[in-house]
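The lines below spell out each chain.
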Amino acid sequence: MPTWTWVLLIILAVLIVAVVVLYFLGKKAEKKQAEQQQQIEAYKQNVTMLVIDKKRMKLKDAGLPQAVLDNTPKLMRGSKLPIVKAKIGPQIVTLVSDEKIFDLVPVKKEVKATISGIYLTNVKGIRGSLTPPQNAKKKGWLKRNVEKLQEKAGAKPIK
């Protein structure tokens, strides 16, 4: 057999092994996620809270308890998470929001929320429904400059 055939067979074998390993790792991660979701459902509470601020910030800068920082993996500590500061009763609390509902959380408004420990899972408006913000995409440097030049020339802007 020629050498290129052996090279292709070895590459094919490595790819098959990689796919099998990823399949089993995916199954394991899926089970772990299902267990975590059951725990979240078991400990959820409905509360009324006033949202003070919301930001995406690093875990160590968020002001979360030290026990939370100790239990997070080293790689996650540097990543930015959706953090919500809220007043629940007389206490100001820092919560980690679910990525799906972070855009729905209104700032400086009172909402009914479902929390599980320090994890914010659901938000509903007290007075009316919450509307998601408009997805106004930021324009890039080139597009802004082209529009400025078109305005100077008196042409209609391109959409």
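Please refer to the structure higher up on the page.
Predicted, not measured: the structure shown is a model, and the values here were computed from it.

Draft legend 1. Structural view of the nonpolar core. Among the nonpolar cores identified, the biggest contains 15 residues, and Met49, Val51, Val84, Leu95, Val105, Leu120 and Val123 are the most heavily contacted of them. Residue assignment for this core shows that the elements contributing at least two residues are β1 (45-58), β2 (80-88), β3 (91-97), β4 (110-116) and β5 (119-125). Apart from the residues within four sequence positions on either side, Val84 is in contact with Val51, Asp53, Lys54, Val93, Thr94, Leu95, Ser97, Phe102, Val105 and Leu120. Met57, Leu59, Ala62 and Leu81 belong to the second largest nonpolar core, which has eight residues in total.

Draft legend 2. Examining helix α1 (residues 3-42) more closely. Spanning 40 residues, α1 covers 59 Å between terminal C-alpha atoms, matching the ideal 58 Å at 1.5 Å per step. The buried count for α1 comes to two of 40 residues, which makes it a mostly uncovered element.

Draft legend 3. Examining the pairing of β4 more closely. Most of β4 sits out of view: five of its seven residues are buried. As paired elements, β1 and β4 share six bridges and run antiparallel to each other. Note on β4: the bridge partner recorded for Leu50 is Glu110. As judged from the six bridges shared by β4 and β5, these two strands associate in the antiparallel manner. Within β5, the residue paired with Lys112 across the bridge is Lys124. Where β4 folds back on β5, the antiparallel hairpin that results is connected by two residues, among which Gly117 adopts a positive phi of roughly 70°.

Draft legend 4. Examining the sheet that holds β2 more closely. Spatially, the five strands close up into a barrel ordered β1-β2-β3-β5-β4, and their pairing is mixed. Across the sheet, the mean angle separating the axes of adjacent strands is 50° when strand polarity is ignored.

What counts, and where the lines are drawn
- Residues numbered from 1 in each chain as written.
- Predicted model: local features only at pLDDT ≥ 70, side-chain atom pairs only at ≥ 80, totals over all residues.
- Heavy atoms only, no water.
- Core = buried A, V, L, I, M, F, W, Y, C linked by side-chain atoms within 4.5 Å.
- Buried < 20%, exposed > 50% of the residue type's maximum accessible area, 1.4 Å probe, protein only.
- Helix = DSSP H or I, 4+ residues; strand = E, 2+ residues; numbered from the N terminus.
- Contact = heavy atoms within 4.5 Å.
- Expected span 1.5 Å × (residues − 1).
- Pairing = 2+ DSSP bridges.
- Axes fitted to C-alpha atoms, helices over the stretch in contact; angles between N-to-C directions.

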